[in-house]
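As a plain string of letters, each chain reads:
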Amino acid sequence: MKKRVSLVAPFYNESGNVLEFFRRVAVVADSLPQYAFEVIAVNDGSRDATWNELLEARSRHPWVHLVDLSRNFGKEAALTAGLDRARGDAVVPIDSDLQHPPELLGEMLAQWEQGAEVVLGRRTDRDTDGRLQKISATSFYRFHNMISNVKVPMDVGDFRLMDRRVVQALRLLPENHRFMKGLFAWVGFRTVTIPYTIAKRHAGKSNFNGWKLWNLALEGITSFSTAPLKIWTYVGLGVSALALLYAAVIVLRTVVQGIDVPGYASLMVSGMFLGGVQLIGIGVLGEYVGRIYHEVKRRPVYLVREEHEFERAVLHPVRQERELERA
Ligand code: UDP
Ligand code: MG
């Protein structure tokens, strides 16, 4: 029996990339005939022609499993839907915009055969990102890793090969809020990193703007650390100590120099400063309480409208296509 390799690809408004994606994957699959490849393509509520193109791709490639989510649930949910269905011995989440070169699969599989349970693709440069994006990404990872026990490796995205054991471990994690990078890191396992050059998007444009990335960063931090909650105890202690000291100074000054009425300005400033500090503290609390609120509702991570499983057991994709053509 050939080992099975499942690719999990989320598609959100990727019309224009669909056919090229499957073409590239088919070429790679053809060059690795010792494996049986399959692709689980998750349509994450696209508003363009993506779904129709996916249906067309599946009519050509019998090794494609299609899942249509009922609306846009976000990349993390789409990946979860794909991982839930991946039955391969090795599973590889991959972006459908061709930024993650499928050609890296050969090297990933070689590392896996040598005993790695996770093969991480580490991007060697971030040339496709703007300068601001680079700086904010780096500082996010620094900050995240400083305050949480789970260390997320830098310059590593969702592009990775995972042994089926790792995928099974991921399925055990019950949270609804799924910061995949953190979850991947949390499960652990024997990990090898290989470098790759991230490509430009084949067509279309990125769905992640500054606000979405900021929220993803908040998600990452609140999912894996309670440090932002605990820090307020120490901020409070520090401020109280300062206040006590200041009180002592006022008492001393009054005793030594006589009655002293401090100015309106200093009262105003300290009042506003402390008000601000308290509001920040409440805001941080709110971030966590909001997440608890969403989490306890136990809503499903995604809903499926339509699903088309593989046409038949996966053989070697290209050979199978030729058989189909002949039939
Ligand atoms: N994606 C998705 N749902 C979303 C946003 C993105 O499934 O709500 C998919 C998208 O189709 C692509 C991948 O996630 O395959 C990465 O998205 P994108 O290229 O927009 O992000 P970037 O590469 O800029 O981080
Ligand atoms: Mg992209």
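Calculation criteria
Residues numbered from 1 in each chain as written. Chains lettered and ligands numbered in written order. Predicted model: local features only at pLDDT ≥ 70, side-chain atom pairs only at ≥ 80, totals over all residues. Heavy atoms only, no water. Helix = DSSP H or I, 4+ residues; strand = E, 2+ residues; numbered from the N terminus. Buried < 20%, exposed > 50% of the residue type's maximum accessible area, 1.4 Å probe, protein only. Contact = heavy atoms within 4.5 Å. Areas by Shrake-Rupley, 256 points an atom, 1.4 Å probe, with all protein chains shown as cover. Lys, Arg positive; Asp, Glu negative; His and termini not counted. Charge placed at Lys NZ, Arg CZ, Asp CG, Glu CD. Core = buried A, V, L, I, M, F, W, Y, C linked by side-chain atoms within 4.5 Å. Near = heavy atom within 4 Å. Polar contact = N/O pair within 3.5 Å; in protein donor to acceptor, adjacent residues only side chain to side chain. Nonpolar A, V, L, I, M, F, W, Y, C, P; charged D, E, K, R; others polar. Salt bridge = Lys/Arg side-chain N within 4 Å of Asp/Glu carboxyl O. Pairing = 2+ DSSP bridges. Axes fitted to C-alpha atoms, helices over the stretch in contact; angles between N-to-C directions. pLDDT = per-residue confidence, 0-100. Right-handed = clockwise from strand over helix to strand, strands pointing away. Left-handed = near helix turned anticlockwise from the far one by under 90°.

Each helix and strand counted, the protein chain has 11 helices and eight strands in total. Viewed in the frame of its principal axes, the protein chain has a C-alpha envelope of about 105 × 40 × 35 Å. The buried share of the protein chain, reckoned over its 327 residues, is 43%. Restricting to contacts in the protein chain with at least 6 residues of sequence separation, those with at least 24 account for 85%. Summed over all atoms, the accessible surface of the protein chain reaches about 17,500 Å², with 61% contributed by carbon and sulfur. For the protein chain, the separation between the mean place of its 41 positive charges and that of its 36 negative charges on side chains is 4 Å.

Let's shift gears to the nonpolar core. Within the largest apolar cluster, 38 residues are counted, with the highest numbers of intra-cluster contacts made by Phe21, Phe22 and Met108. Excluding residues within four positions of it along the chain, Met108 makes contact with Val92, Val119, Gly121, Phe159, Arg160, Leu161 and Ile194.

Glancing now at the site of ligand 1. Surveying the vicinity of ligand 1 reveals 16 residues, the closest of which are Glu14, Asp44, Asp97, Ser206 and Asn207. Separating an oxygen atom of ligand 1 from a side-chain N or O atom of Glu14 is a distance of 2.6 Å. At a separation of 2.6 Å, a nitrogen atom of ligand 1 approaches a polar side-chain atom of Asp44. Grouping the constituent residues of the shell around ligand 1 by class yields four nonpolar, six polar and six charged.

Take the side chain of Ser148 next. Relative to the helices and strands, Ser148 resides in the loop between α5 (131–147) and β6 (156–163). At 2.8 Å, the side chain of Ser148 forms a polar contact with the backbone oxygen of His144. A polar atom in the side chain of Ser148 sits 3.2 Å from the backbone oxygen of Val150. In this structure, Ser148 is in contact with Phe224 and Ser225, ignoring residues within four places of it in sequence.

As for its placement among the helices and strands, Glu76 is situated in helix α3 (residues 75–85). Nearest to the buried, unbridged Glu76 among oppositely charged side chains is Lys75, at 6.0 Å.

Let us now look at the pattern of salt bridges. Applying the stated criterion across every chain yields a total of 17 salt bridges. Where Lys75 meets Asp158, a salt bridge forms, and the shortest distance between an N and an O atom there is 2.9 Å. Of this pair, Lys75 sits in helix α3 while Asp158 is found in strand β6, placing the two residues 83 residues apart along the sequence. Residue class for Asp158 comes out buried when judged on its relative accessible area of 7%. The salt bridge partner of Arg164 is Asp89, with a shortest N-O separation of 3.0 Å.

Time to look at the sheet that holds β6. Taken together, the eight strands give an open sheet; going across it, the order is β7-β5-β6-β4-β1-β2-β3-β8, and neighbouring strands pair in mixed fashion. The strands lining the two open edges of the sheet, one partner per strand, are β7 (191–196) and β8 (304–308). With strand direction ignored, the average angle separating the axes of adjacent strands in the sheet is 20 degrees. As paired elements, strand β1 (residues 3–11) and strand β2 (residues 35–43) share nine bridges and run parallel to each other. Paired with Val5 across the two strands is Phe37, which belongs to β2. With respect to the sheet, helix α7 (residues 180–187) is in contact with β4 (90–93) and β6, its orientation differing from that of β6 by roughly 40 degrees.

Once that is clear, we can look at the confidence of the model for the protein chain. If pLDDT is low for a region, its predicted coordinates should not be looked at in detail. When pLDDT is averaged across the protein chain, the result is 84; 93% of the residues are at 70 or more. Mean pLDDT values over the elements of the protein chain span from 56, in helix α11 (residues 317–326), up to 94, in β4.

With nine of nine residues buried, β2 lies mostly within the body of the structure. Burial of the side chains of β2 extends over both faces: Tyr35, Phe37, Val39, Ala41 and Asn43 are buried on one face and Ala36, Glu38, Ile40 and Val42 on the other. Handedness of the crossover joining β1 and β2 through helix α1 (residues 18–31) is recorded here as right-handed. The pairing of β2 with strand β3 (residues 64–69) spans five bridges and is classified as parallel. Across the sheet, residue Ile40 finds its bridge partner in β3, namely His65. You can see the chain leave β2, run along helix α2 (residues 50–60) and come back into β3, and the turn it takes is right-handed.

So, about the packing of helix α6 (residues 164–171) against α7. Where α6 meets α7, the closest approach of the two axes is 10 Å, and the angle between their N-to-C directions is 115 degrees. Crossing of α6 over α7 shows right-handed handedness. Here α6 contributes Val166, Ala169 and Leu170 to the contact with α7, which in turn contributes Leu183, Phe184 and Val187. A per-class count over the contact of α6 with α7 returns six nonpolar, no polar and no charged.

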